[in-house]
Amino acid sequence: MPDLGLLVHLAVVISIYGILAISLNLIIGTTGLFTIGHAAFFGIGAYTSAILAKLGVPWILAALAGIILAGLVAFLIGIPTLRLVGDYLAVVTLGLGEIMRAVFKNWIPVTRGPMGLPGIPHAAILGLRFDTAPKFLILSVICLAIVFFIAERIIRSPFGRVLKGVREDETAAQALGKNTYRFKMIIFVTGCGMAGLAGSLYAHYISYIDPGSFVMWLTFFIILIIMLGGLGNNVGALVATTVFVLLREGLRFVALPEGLNPAALQQLIFGLLLIVVTIFMPRGLIPERKITYDRERDHAQS
Amino acid sequence: MLKVENLTKNFGELCAVDRLSFEVTQGAIQGLIGPNGSGKTTVFNLITGFLQPTAGRTFFKDREITGLPSHAIAQAGIARTFQLVRVFRRVTVLENLLSAPKAQRGERILPGALQTPQVRREEREQLDRAWDLLSVVGLDGVANEYCGNLPYAEQKMVELTRALMTDPDLILLDEPTSGINPTLVNQILDYIRMLREARGKTFLVVEHDMRVIMNLCDRIVVLNYGEKIADGTPAEIARDRAVIDAYLGV
């Protein structure tokens, strides 16, 4: 007997993680920038939005502030790291993840540290309150749809074409006159801003956040999702998000032998899945979509 | 068109390019040759901004380009190919070409994502150019293939046509015929000559194959250990004592 309330809850979680997956896919899948600090931007969005909302700022402005602050931090991280070719971004974002966790934990006057922030107000737009799970689902699905639409438009644009060029061969892109630093910066800031939006949704849905919600494991979880779903394919990312969230929840209900911890089992299964998929489907379940042109048809149209 | 003055590059103790000066005139097909390790590719990297010179200056169309970032030099009108082909492998042949043109409006995130009428018009124009170029070199049949799936020779051709899509005035070719079978080599050489005659392009070519260089170029600069040892027409170079010594290792 499926519990409708649980299904709605899972759908909300899927839509929030879906935003994280799509935003990370733009950075890692399309542009080939390896970042491992996505949870930090998720956390910045969540804390900024929660703190402002508790001060009485309307949700939409609080969320916007979360998006902007996440983007701003991404910009500052990008200045030294994106000028370089190589894995500097991974190293620095790894550090950022830990730094932000330390900030959330120790900046007690603002974040209340390990006690967390309870009583985060419900999201509302112009008096329309999203104060129940089904209502919130509408909001989170709309946000997911917007993010999905923007990501798809970016990927299919000439801008997105350069992003793929940067991923395939940054030197060649430079030789074609592309200021690759600028392209990398714009997509990194955009993707991290989207993670900030996901953070705001999360905070106002759960209504309580603490530093434990924004740990490294979350980042790896999302990386795993896009690797399985298909790097550079947003439909694949959403399918994988759904599978993962359901699998994770499902594991909670499995009767485990004495001494086996469900969290450990979950990580074990995900690890095995990743190995199997990278060996047998290195481009993921649904690989990046090929953009093709038909000469005759294009002429007929123009 | 291109003027290099006292260009010098040291890698620590090693002097890879030593006070090199030469000029490439408008409409020329100029060769740059020398034994292995004589600094030819380093010169390319210095001109195109992938390396910064220790000393010396570069001018392009009477404007100094020394020290500019590589993308700015490309935008100024210098295109290049690489010794080991550098195409975008998990991107189609057409997209490789379409990503080349300079100053595309759709390469700004907002107009690109919004697909403004201007962006769509530019895309159609570039698409037409790309199809035409691919037809000329006989690659229109594989236009929608991922570039990484093509044979090496075709990838090289994609790289050259992609460079042309930037509408450059000067094209630097780093070993355009290496790893390509002799029949195709002649096609590539004919194509380069055609681009010079019909489109007024200027070329600077690094090449190992002496027959190719003697046959293609109207002037040749010879490097040995980073120094220029000769500069002249193919006939002059062929009987130059210093060049013969350098190649025979005397």
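Look up: the structure comes first, before these words.
Residues numbered from 1 in each chain as written. Chains lettered and ligands numbered in written order. Predicted model: local features only at pLDDT ≥ 70, side-chain atom pairs only at ≥ 80, totals over all residues.

Draft legend 1. Here's a closer look at the overall build of chain A. Counting secondary structure elements, chain A contains 13 helices and two strands. Taken against the 2.2 N^0.38 rule, which gives 19 Å for 302 residues, the C-alpha radius of gyration of chain A at 20 Å falls within 12% of a compact globule. C-alpha atoms of chain A, sized along the principal axes, occupy 55 × 45 × 40 Å. Put simply, chain A has 302 residues, and 48% of those count as buried. (Helix = DSSP H or I, 4+ residues; strand = E, 2+ residues; numbered from the N terminus. Rg over C-alpha atoms; globule rule 2.2 N^0.38 Å. Buried ≥ 20, exposed ≤ 12 C-beta atoms within 10 Å, placed from the backbone.)

Draft legend 2. The interface of chain A and chain B, seen in detail. The interface is formed by 28 residues belonging to chain A together with 33 residues belonging to chain B. Going through the elements one at a time, helix 6 (133-156), helix 7 (158-168), helix 8 (170-175) and helix 13 (295-301) of chain A are the ones with two or more residues in the side of chain A that touches chain B. If one sorts the elements of the side of chain A that touches chain B by residue count, helix 7 of chain A sits on top with seven residues. Looking at the side of chain A that touches chain B residue by residue, the class counts come to 11 nonpolar, eight polar and nine charged. (Contact = placed C-beta atoms within 7 Å. Nonpolar A, V, L, I, M, F, W, Y, C, P; charged D, E, K, R; others polar.)

Draft legend 3. Focus on the sheet that holds strand 4 (residues 55-60) of chain B. Residue and element names in this part refer to chain B. Ordered in space as 2-1-4-5, the four strands form an open sheet in which the pairing is antiparallel. The outermost strands of the open sheet, each flanked by one partner alone, are strand 2 (14-24) and strand 5 (63-64). Of the strand pairs in this sheet, strand 4 and strand 5 are connected by two bridges, and their pairing is antiparallel. Along strand 5, the bridge assignment pairs Phe-60 with Arg-63. This element, helix 1 (residues 40-47), spans strand 1 (2-11), strand 2 and strand 4 of the sheet and lies at about 65° to strand 2. (Pairing = 2+ DSSP bridges. Axes fitted to C-alpha atoms, helices over the stretch in contact; angles between N-to-C directions.)

Draft legend 4. Representation of the pairing of strand 1 of chain B in the model. Residue and element names in this part refer to chain B. Across seven bridges, the pairing between strand 1 and strand 2 is antiparallel. Counted as the bridge partner of Phe-11 is Leu-14 from strand 2. Direction of pairing for strand 1 relative to strand 4: antiparallel, over a ladder of five bridges. Within strand 4, the residue paired with Val-4 across the bridge is Thr-58.

Draft legend 5. Spatial organisation of helix 1 (residues 4-30) of chain A. Residue and element names in this part refer to chain A. With 27 residues, helix 1 ought to run about 39 Å at 1.5 Å a step, and its terminal C-alpha atoms sit 36 Å apart, in line with that. When the local axis directions of helix 1 are compared, the greatest deviation, roughly 35°, occurs at Leu-24. Summarising burial for helix 1: 19 of the 27 residues are buried, a large majority. Downstream of helix 1 by one or two residues, Gly-32 has phi in the positive range, about 75°. (Expected span 1.5 Å × (residues − 1). Bend = angle between axes of the 7 residues up to and from the residue.)

Draft legend 6. Molecular detail of unusual backbone geometry. Residue and element names in this part refer to chain B. At Asp-62, a position not held by glycine, the phi torsion is positive, near 65°. In this structure, Asp-62 sits in the loop between strand 4 and strand 5. Not every positive phi belongs to a glycine, and Tyr-225 is a case in point at roughly 50°. Looking at the element boundaries, Tyr-225 is found in the loop between strand 9 (219-224) and strand 10 (227-232).

Draft legend 7. Spatial organisation of the nonpolar core. Ile-19, Leu-20, Ala-198 and Ile-226 of chain A are the most contacted members of the largest nonpolar core, which totals 151 residues. Both domain 1 (1-77 + 168-250) and domain 2 (89-162) of chain B contribute no fewer than three residues apiece to this core. Discounting chain neighbours no more than four positions away, the residues touching Leu-20 of chain A are His-38, Phe-42, Ala-195, Ala-198 and Ile-222 of chain A. (Core = buried A, V, L, I, M, F, W, Y, C linked by C-beta atoms within 7 Å. Domains from an automatic or database assignment.)

Draft legend 8. How the structure looks around the sheet that holds strand 6 (residues 78-80) of chain B. Residues and elements named next belong to chain B. The mixed open sheet is built from six strands, whose spatial order is 6-7-8-3-9-10. Looking at which strands have only one partner, the edges of the open sheet turn out to be strand 6 and strand 10. In this sheet, adjacent strand axes meet at a mean angle of 20° when their direction is disregarded. Sheet topology note: the strand 6/strand 7 (residues 170-174) ladder contains three bridges and is parallel. Bridging across to strand 7, Arg-80 finds its partner in Leu-172. On top of the sheet, helix 1 reaches strand 3 (29-33), strand 6, strand 7, strand 8 (202-206) and strand 9; it is set at about 150° to strand 7, its chief contact.

Draft legend 9. Here's a closer look at the packing of helix 10 (residues 216-229) of chain A against helix 11 (residues 234-252) of chain A. Residues and elements named next belong to chain A. Direction vectors running N to C along helix 10 and helix 11 enclose 125°, while the axes themselves pass 8 Å from each other. As the angle between them shows, helix 10 and helix 11 are arranged oblique. The chirality of how helix 10 crosses helix 11 is right-handed. Mapping the contact onto sequence places Ile-225, Ile-226, Leu-228 and Gly-229 in helix 10 and Gly-236, Ala-237, Val-239, Ala-240, Thr-241 and Phe-244 in helix 11. For the contact of helix 10 with helix 11, the per-class residue count stands at seven nonpolar, three polar and no charged. (Parallel < 35°, antiparallel > 145°, perpendicular 65-115°, else oblique. Left-handed = near helix turned anticlockwise from the far one by under 90°.)

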